[in-house]
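# Structural overview for review
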Amino acid sequence: MHLQQNISLLPYNTFGIDVQAAYFTELKDINDLEAITELPYEKHILGGGSNILLTQPIKGLVIHNQLKGITVEKEDDNHVWLRVQAGEVWHELVLYAVNTGLGGIENLALIPGTVGASPMQNIGAYGVEAKDTIESVTFWYWNEKRLLTYNNRECEFGYRASIFKEGLKDKVFITSVVYKLSKQPRYNTSYGAIEQELEEMGVKEPSVKAIAYAVMNIRMSKLPDPKVIGNAGSFFKNPTIARTEYEILLEKYPSLPSYKVSDNLVKIPAGWLIEQCGWKGYKIDDMGVHAKQALVLVNYGKAHGKEIWQLSGEILRSVKERFGIELEREVQVW
Ligand SMILES: Cc1cc2nc3c(=O)[nH]c(=O)nc-3n(C[C@H](O)[C@H](O)[C@H](O)COP(=O)(O)OP(=O)(O)OC[C@H]3O[C@@H](n4cnc5c(N)ncnc54)[C@H](O)[C@@H]3O)c2cc1C
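Here the residue numbering is sequential within each chain, running from 1 through the sequence in written order. Per-residue local features are limited, in this predicted model, to residues with pLDDT of at least 70; the limit for side-chain atom pairs, both in listing and counting, is 80 or more; totals at the level of whole chains, interfaces and linings are taken over all residues. Note that water and hydrogens are dropped before the side-chain values are worked out from all heavy atoms of the structure.

### A word on the sheet that holds strand β14 (residues 240–242)
As a general point, the strands of a sheet are linked pairwise by backbone hydrogen bonds and lie either parallel or antiparallel. Any two strands with at least two DSSP-identified bridges between them are counted as paired. Each helix corresponds to a stretch of at least 4 residues labelled H or I by DSSP, and each strand to a stretch of at least 2 residues labelled E; elements are numbered beginning at the N terminus. Overall, antiparallel pairing links the three strands, which are arranged β14-β16-β15 in an open sheet. The outermost strands of the open sheet, each flanked by one partner alone, are β14 and β15 (259–260). Relative to strand β16 (residues 265–267), β14 is paired through three bridges, and the arrangement is antiparallel. The residue bridging alanine 242 from the neighbouring strand is leucine 265, located in β16. Here, residues are in contact when the closest pair of their heavy atoms is within 4.5 Å. All axes are obtained by fitting lines to C-alpha atoms, using only the stretch in contact for helices, and the reported angles, taken between N-to-C directions, cover 0 to 180 degrees. Taken strand by strand, helix α5 (residues 243–252) contacts β14, β15 and β16, and its axis lies near 90 degrees from that of β14.

### Section: the pattern of salt bridges
A pair is scored as a salt bridge if a Lys or Arg side-chain nitrogen falls within 4 Å of a carboxyl oxygen belonging to Asp or Glu. Within the structure shown, the criterion is met by 11 salt bridges. Note that arginine 160 is salt-bridged to glutamate 129, the shortest N-O span being 3.9 Å. Linking arginine 160 in the loop between β11 (146–151) and β12 (172–182) with glutamate 129 in strand β9 (residues 128–129), this pair joins segments that are 31 residues apart in sequence. Here arginine 160 and glutamate 129 have matching classes, each one buried. Overlapping salt bridges bring together Glu129, Lys131, Asp132 and Arg160 as one network. The buried label goes to any residue with under 20% of its type's maximum accessible area, the exposed label to any with over 50%, and the partly exposed label to all in between, with areas taken from a 1.4 Å probe on protein chains only.

### What to know about the environment of asparagine 51
With respect to the helices, strands and loops of the structure, asparagine 51 is situated in the loop between β3 (43–46) and β4 (52–53). Counting along the chain gives 20 residues from asparagine 51 to asparagine 31, while the straight-line C-alpha distance between them is 27 Å. With residues near it in sequence (within four places) discarded, asparagine 51 still touches Gln121, Ala232, Glu330, Val331 and Gln332.

### A closer look at the sheet that holds strand β1 (residues 4–8)
Spatially, β1-β2-β5-β3 is the arrangement adopted by the four strands of the open sheet, whose pairing is mixed. Edge positions in the sheet fall to β1 and β3, since each has one partner strand and no second. On average, adjacent strands in this sheet sit at an angle of 45 degrees to one another, irrespective of strand direction. Here strand β2 (residues 20–27) pairs with strand β5 (residues 58–65) via six bridges, running parallel. By the bridge assignment for β5, glutamate 26 is matched with histidine 64.

### Regarding helix α7 (residues 305–323)
The terminal C-alpha atoms of α7 lie 27 Å apart, and with 19 residues this matches the ideal 27 Å at 1.5 Å per residue to within 8%. Glycine 324 occupies a position one or two residues after α7 and carries a positive phi of about 70 degrees. Working rule for helices: expected span equals 1.5 Å times residues minus one.

Function cannot be read off these values alone, since they describe shape.
Take a look at the structure:
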């Protein structure tokens, strides 16, 4: 283990925020976790840094996850179970799966970040969530100094939620994830513009590869590339409200979009609410709200995390004032 001091985290977060970590190490060998546990610093786990907002210098230790490796755990006529080390890049795993014809995660192409973070907030896009293929998650429990494995049910997955983001928050280091991928995939093309994109691509028979590339095309046309404009994807979750509350709002705002969650619950796109409050394309100094996607807060240059945090607070307040809906931040604040 190589322990470094006073390292800038600028290259390690997609928001492009420059703060220092007092201590920093790359974790390449799982056996180092025991020694790291004994270090007397508060521990922060960093994957691809694509879902964090850095608002202050980090006094403790940042552990940059570099655990690598993909192995076949088992296989039958219909499925392959892949054990993937947590430091693998998520999109590389998607490419590995689609290039070997394995289905289940193709709709999640091009989501930035690491495999280890995929169960954290149960990443999702285009009608698919990580929980649909996660068989188990193995993690190092700091307090107990040992590895534990939870099956899918024990992970308590929900919409952008899991036990790792709640009950076990800051208590564990996810070291590997087992995904159950399908040899005879069922395609999910009903969401968003996937079907239209497949048509434009001239694809007659969908395949996992074609769907992954359709999703990549759509994402590249819609979302700002963090290499060009600093951002962490959707800053807020889409709120779920009671159907009764929704019906009252609908009378006042007839164009209010919604998705049915259950007979009593409705999900509202947070981007629409933010746009209605006039924030889309807002810019002040080096930060703002993306001009094409109101759910994405951006850093155009040297914005501070604290300022972006304050801006997100103003957005929360204005949505609450106008619609009575409390938005929740999706991004983890450090
Ligand atoms: C342009 C863009 C588009 C995006 N689109 C989507 C999308 O469509 N759907 C979606 O769900 N998300 C999306 N995101 C958010 C982000 O990509 C995901 O949340 C991703 O899983 C974060 O991975 P990461 O490795 O970068 O995590 P980090 O940002 O490094 O970490 C996020 C949190 O997880 C914790 N963590 C990370 N790794 C571990 C580990 N091994 N063990 C324990 N805790 C850990 C960290 O401590 C931190 O609290 C997008 C982000 C960007 C920038």
